[in-house]
Amino acid sequence: MSSSGGERLPVAGGAAARMWVAFAALAGVTGVHLVAQIAAPEGVVSDITQVLLMPLLAAALFAGTNGPRSRLVRLVLVALFFSWLGDTVPRFVAGDGGFLALVGCFLVAQLFYAAAFWPYHRQSLLARPAAVAVYAVALVILVALCREQAGTLLVPVIVYGLALVTMAVLATGLGRTAGVGGAIFLISDSLIALRAFTDMELPGHGFWVMLTYVVGQVLLVIAVVTVDRAPAGK
């Protein structure tokens, strides 16, 4: 099964209402969080809203799919859970330990995403090595930029980067929407690495990190719902 990026979500009735309520709540919380990222990125509002993002997205995915949930949906729900841990756990760990906790939680999330998307690998960019090379080059450039200041954290960063690129490439097997979502997720984490290990920082950097993070994950979930609800063989 695969999905084209231009298809409407095949969800109707009460399931659609519940899913869109969850998406609307996510949009509202995201808006508040992004404003907080500009006004007070280290404040209470920013902290509280960030830990609400992934539960609301998981609620939208759960509401938009039928039980018993497919393997694809179950694994993506687990990926969202570990993404939530990545948003939450580092707040309680100081120093490099906090960054390692973040990398560890999101590494597990990427592995679950990759496992979820693997059955669609024949429709993914893995069939086009030249396209995969673009992702590989992007990772090499990012590692090269971060290498000098990463120190002992370089190996975890490389391992995580490989998992993230693998997820982004495999996501293309679900269609254009998931492919764009995976690429935007990759951009979000690249911005985190650049701020942590180089002197590169955008104005309102946290705003852009969180905007791309949420948009990337939302697009992945929309693609999963579309693929999961598509008639067999499409």
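For every chain, the first residue of the written sequence is number 1, and numbering continues from 1 along that sequence. Residue-level local features of this predicted model are given only where pLDDT is at least 70; pairs of side-chain atoms are given and counted only at 80 or more, and the full residue set underlies all totals for whole chains, interfaces and linings. Heavy atoms throughout the structure, all of them, feed into the side-chain values; hydrogens and water do not.

Caption draft 1: Structural detail: the overall build of the chain. Counting secondary structure elements, the chain contains 8 helices and 0 strands. Secondary structure elements are defined from DSSP: runs of H or I of at least 4 residues count as helices, runs of E of at least 2 residues count as strands, and each element is numbered from the N terminus. Ordering the α and β elements of the chain from the N terminus gives α-α-α-α-α-α-α-α. Both definitions apply: the radius of gyration is a C-alpha atom measure, and the globule rule equals 2.2 Å times residues to the power 0.38. In terms of overall dimensions, the chain is globule-like: its C-alpha atoms have a radius of gyration of 17 Å, near the 17 Å expected for 234 residues. Its C-alpha atoms give the chain principal-axis dimensions of roughly 50 × 45 × 25 Å. For the chain, long-range pairs separated by at least 24 residues make up 77% of all intrachain contacts whose partners lie at least 6 apart in sequence. Only the protein chains shown count as cover for residues, with accessible areas throughout obtained via the Shrake-Rupley method and a probe of 1.4 Å. Carbon together with sulfur atoms contributes 71% to the accessible area of the chain, which is approximately 10900 Å² in total. Positive charges come from Lys and Arg alone, negative charges from Asp and Glu alone, with His and the N- and C-terminal ends not counted. Charged groups are reduced to one reference atom each: NZ for lysine, CZ for arginine, CG for aspartic acid, CD for glutamic acid. Charged side chains in the chain number 13 positive and 10 negative. The centres of these two groups are separated by 19 Å. A contact between two residues is defined here by any heavy atoms of the two lying within 4.5 Å.

Caption draft 2: View of helix 8 (residues 205–229). For a helix, the expected span equals 1.5 Å multiplied by the number of residues minus one. Here helix 8 contains 25 residues, and its C-alpha end-to-end distance of 37 Å stays within 8% of the 36 Å for a straight helix at 1.5 Å per residue. With a 1.4 Å probe rolled over the protein chains alone, any residue whose accessible area is under 20% of its type maximum counts as buried; one over 50% counts as exposed, and the rest are partly exposed. The buried fraction of helix 8 amounts to 18 of the 25 residues, a majority that puts the element mostly inside the structure.

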